[in-house]
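# Residue-level structure breakdown
These are the residues of each chain, in order.
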Amino acid sequence: LHPTDPGSSERAAGWRMGDDAGMAAFPPLVRGNRMFAQGDFSGAIVHYTEAIDDDDTDVTALCNRSAAYIAMELYKTAIKDADAALAVDPSCTKAWERKGQALEAQGKKTSALEAWKQGLLQGGDLDSYLQVLSRLGISSSPSSLRSSPAPSPMRSPGGGGGGRF
């Protein structure tokens with residue numbers, strides 16, 4: 001459970017679904033996460049957009065809004081948000097994951113694989129990457145990881161993506 005994942009901050013705070021008293025006191029990102037956790041993706045987008053309007057470099061809000069767009073099958077818009085997050089933080093593993101999800105849903109297997117690979121190279125989760133390879137019908141041999149340059153050995157653990165992958 002990570003506070004940047006949609007719905008996690010509400011569970012961590014012990015909120016019950018449907019308990020709307022006082023929600024206006026919380027930041028837009030938290031309200032968006034609550035709506036996302038309830039399955040109200042369009043409501044989540046409204047709050048994530050408010051957070052982005054407050055700070056257009058809010059990578060977490062961009063990634064979470066991308067997730068909401070994916071849930072609504074608005075893949076082109078999801079990719080735009082993932083790309084906006086990557087413009088701010090190219091090492092954000094969650095943004096690479098969102099981009100990969102949206103591209104995969106569009107049937108763009110090669111581009112999706114490259115996005116997932118970049119997420120892995122930035123410190124993303126190997127098990128998630130191997131699941132993607134399996135889902136895409138690609139061998140998980142070491143050669144499938146070699147087409148992109150290796151990450152810099154000076155990179156901090158987690159690749160600077162904040163552990164959001």
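Below you will find a few notes about this structure.

### Considerations on the nonpolar core
- Among the nonpolar cores identified, the biggest contains 35 residues, and F36, Y48, C63, A85, A95, A102 and Y129 are the most heavily contacted of them.
- Elements supplying a minimum of two residues to this core: α2 (28-37), α3 (41-54), α4 (59-71), α5 (75-88), α6 (93-105), α7 (109-121) and α8 (126-135).
- For this core, the element with the highest residue contribution is α4, accounting for eight residues.

### Side note on the side chain of N33
- The topology assignment puts N33 in helix α2.
- Engagement of the side chain of N33 in a polar contact is seen with the side chain of Y48, the distance being 2.7 Å.

### Remarks on the pattern of salt bridges
- The full count for this structure, using the stated rule, is six salt bridges.
- Measuring nitrogen to oxygen at the nearest pair gives 3.0 Å for the salt bridge that ties K94 to E97. Of this pair, K94 and E97 both sit in helix α6, three residues apart, which is roughly one turn of that helix.
- A residue is classified by how much of its surface remains accessible, and K94, at 8% relative accessible area, is buried.
- One salt bridge in this structure joins E104 and R135, with 2.6 Å as the shortest N-O distance. One end of the pair, E104, is in helix α6; the other, R135, is in helix α8, and 31 residues separate them in sequence.
- Put simply, K94, E97 and R98 are held in one network by salt bridges that share partners.

Definitions and limits used
- Residues numbered from 1 in each chain as written.
- Predicted model: local features only at pLDDT ≥ 70, side-chain atom pairs only at ≥ 80, totals over all residues.
- Heavy atoms only, no water.
- Core = buried A, V, L, I, M, F, W, Y, C linked by side-chain atoms within 4.5 Å.
- Buried < 20%, exposed > 50% of the residue type's maximum accessible area, 1.4 Å probe, protein only.
- Helix = DSSP H or I, 4+ residues; strand = E, 2+ residues; numbered from the N terminus.
- Polar contact = N/O pair within 3.5 Å; in protein donor to acceptor, adjacent residues only side chain to side chain.
- Salt bridge = Lys/Arg side-chain N within 4 Å of Asp/Glu carboxyl O.

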